Structures are given as structure tokens and as C-alpha cells.
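# Geometric and topological summary
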Amino acid sequence: MKPTPLQIETIPVPIPSLPDALEDTRLALFADLHMNGRSIAPQHRQALEHVARERPDVICILGDVIDNNTVHVPALAPYLRDVASVAPTVAVLGNNDCFGPKNLEILRETYDGCGITLLENEARTLPIGGASLEITGLEDPAVSAKGLRRERPDRDSAPRLSFSEAVAPRPQTPSVSVVMLHRPELAMQYALAKPTLILAGHAHGGQIRLPFLGGLYAPGQGIFPRWTSGLYPMGESRLLVSRGLGNHGSTLRFGNPFHLPIAVLRKKN
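Residues numbered from 1 in each chain as written. Predicted model: local features only at pLDDT ≥ 70, side-chain atom pairs only at ≥ 80, totals over all residues. Heavy atoms only, no water.

### Quick look at the sheet that holds strand S16 (residues 258–266)
Spatially, six strands are ordered S1-S16-S2-S3-S4-S5 in an open sheet, and the strand pairing comes out mixed. Each edge of the sheet is formed by a strand with only one pairing partner; in this case those strands are strand S1 (6–14) and strand S5 (117–118). (Pairing = 2+ DSSP bridges. Helix = DSSP H or I, 4+ residues; strand = E, 2+ residues; numbered from the N terminus.)

Here it is, written out as C-alpha cells:
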């Protein structure tokens, strides 16, 4: 069977209020890698090689780095360390990261050891040029549903945000705010806070993509899902969805290349 190719897609995100210092800021989206811990898949290597050449400003890992067939999470550390060496790297958890409590805790430790900031209802401000970019990472519902929330007493940890705090408009909204979450079907809730950009994965492009119709099925959205690939308006925000860099279990793709979106922030298209 012919290997599934990788599409590297540059996606301009128009932001009229963008500070000059953030013009052409690039965010690389690594979503749904579903790494098994045995070997590094070709598309994972290609994605790393691309960002190592192009040097984006931030790398965003949008959940499901592992899943239920991951045999040895620490084996992923060299790859994740190489990713983090390219640019500041922030991550959120996906539903499959939470499949096994032991693997999840090892993944958290692996992220810490590789210099990747895992955001679990937390915000970070990243200096870029002469400006700053606020990135908030939201907890996947599987974390609380399975009782896997981590309490971190370290003093350097940013305050946790409650759901109501995360969706509420802020009195001093930064000029550019980015929200990372795993499931795009939840994005409408967080669009109430009017972030500049919401990033998500999870939909796998709808698995089978049909001409003129798009994806056929996505978890959480069902048949002919609405949000599967690319940039969508969402109130005063925009939602950018990656089709992902891997497959869950034995699922296959058709007309649906693996996806490495590069979001480019610009004042105009």
C-alpha cells in the first residue's frame, strides 16, 4: 500500500490589530501524532525536518501524541527533544493521551524533561520580537472525566483557569491571544472569550475526504463534520484545525494527507 503523504500547508491568519512586531509570526501545528513508541513514522520525521529548516516562532502540540497502542512512552523523548530544540514548544493533552493513567504521567514527565511546556488550563506569555503572544492551553474533558488532573505545587506554574474563567472575556485582552485545545467541536464555547485564534486537531480530516464535501466522519462531530481542516471563522475569533500527523489504531485515510499547518499571523491576507 502506498504510504500516506504529508501536506505542509502555510495558512495566513489575518489579524487587523496585529502589532508590527508580530507580523509574519509562524506557529507550527503538530496534532494527533499517535506515536507507538516503537519507531518514528516517515511523516513525523518529515515534519521535524521541515520545522528544523524553516524555524517557526512557536511549535504547538495539540494532543494525542500517544494512544492505547503506545508501548514505551520514554522512547519518544529523543524526537520530542528535537522538536523542542527548534522553537519554544507548548502542548495540550488529547483524549488518547489519557487512555492509560501510567502512560499519561510518563508523558507529562517526558514533556518536562524535553523542555516542552504542557498547558493544562494554564496561560503563558511568549516574547516574540518586541511584542508578546499569549497562549492558553485547555484541559481535554478526558482528564477530568477519568480523574487524571495533575496538581502542581511548584511556584513557577501559572494559575489554573476554571472553565468560566477560560471562556469569559478578559478586561485587558492582549492584542493577540491563542487558545490551544484538542477537540474542535468544543471551540465555540471558548470563542466567547474572543481569542484571536483557536487551534485544534482530533478530527483527522474526517478520515475519508470527498471532493466538494470534505471529511466523511470525525469523532465528536459525526457524519460530514463541520470542522476538519483549515481556517474557519468563529464569531470574532478564528479556528484553525489540523488533519493530524498520525492515525489512531488501524484507521486509514483516503484523499486525506497527513497535515502540518503553519499559521502565519499577518495584518492582511
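Following the structure, the description resumes.
### Observations concerning empty space enclosed by the protein
Tallying each qualifying case throughout the model produces two cavities of 30 Å³ or more. If you add up the space inside the second largest cavity, you get close to 40 Å³. Split by residue class, the lining of the second largest cavity holds five nonpolar, one polar and three charged. (1 Å grid on protein atoms, 1.4 Å probe; cavity = no way out; pocket = protein on both sides within 12 Å on 5 of 7 lines; lining within 4 Å. Points joined across faces, edges and corners; volume = space filled by probe spheres on them. Nonpolar A, V, L, I, M, F, W, Y, C, P; charged D, E, K, R; others polar.)

### Brief notes about the environment of Asn68
Looking at where Asn68 falls in the secondary structure, it is placed in the loop between strand S3 (58–61) and helix H2 (77–86). Counting along the chain gives 35 residues from Asn68 to Asn103, while the straight-line C-alpha distance between them is 9.1 Å. Not counting chain neighbours up to four residues away, the residues in contact with Asn68 comprise Phe99 and His248. (Contact = heavy atoms within 4.5 Å.)

### A closer look at the layout of surface pockets
Roughly 190 Å³ of internal volume is contained in the second largest pocket. In terms of lining residues, the second largest pocket is bounded by 14 residues, among which Pro195, Thr196, Glu236, Ser237 and Arg238 are the most central. Within the residue set of the lining of the second largest pocket, elements represented by two or more residues are S1 and strand S15 (237–241). Tallied by class, the residues present in the lining of the second largest pocket amount to six nonpolar, five polar and three charged.

### Re the packing of H2 against helix H3 (residues 101–114)
Between H2 and H3, the least distance of the axes is 9 Å, while the angle of their chain directions is 45°. For the element pair H2 / H3, the angle class is oblique. Crossing hand, H2 versus H3: right-handed. Between H2 and H3, the contacting residues are Ala77, Leu80, Arg81 and Ala84 on the first element and Thr110, Tyr111, Gly113 and Cys114 on the second. A per-class count over the contact of H2 with H3 returns five nonpolar, two polar and one charged. (Axes fitted to C-alpha atoms, helices over the stretch in contact; angles between N-to-C directions. Parallel < 35°, antiparallel > 145°, perpendicular 65-115°, else oblique. Left-handed = near helix turned anticlockwise from the far one by under 90°.)

### Examining the sheet that holds strand S9 (residues 197–200)
With mixed pairing, the six strands of this open sheet are ordered in space as S6-S7-S8-S9-S15-S14. Across the chains shown, the open sheet's two edge strands, defined by having one partner strand only, are strand S6 (122–128) and strand S14 (230–234). Neighbour-to-neighbour, the strand axes of the sheet open up by a mean angle of 25°, direction not taken into account. Examined bridge by bridge, strand S7 (residues 131–137) and strand S8 (residues 177–180) share four bridges and lie parallel to one another. Residue pairing across strands places Glu134 opposite Ser177, the latter belonging to S8.

### A word on the pairing of S7
Buried residues dominate S7, accounting for six of its seven residues. With seven bridges connecting them, S6 and S7 associate as antiparallel partners. Paired with Arg124 across the strands is Ile135, a residue of S7. Where S6 folds back on S7, the antiparallel hairpin that results is connected by two residues, among which Gly129 adopts a positive phi of roughly 60°. (Buried < 20%, exposed > 50% of the residue type's maximum accessible area, 1.4 Å probe, protein only.)

Shape descriptors only; they carry no functional weight alone.
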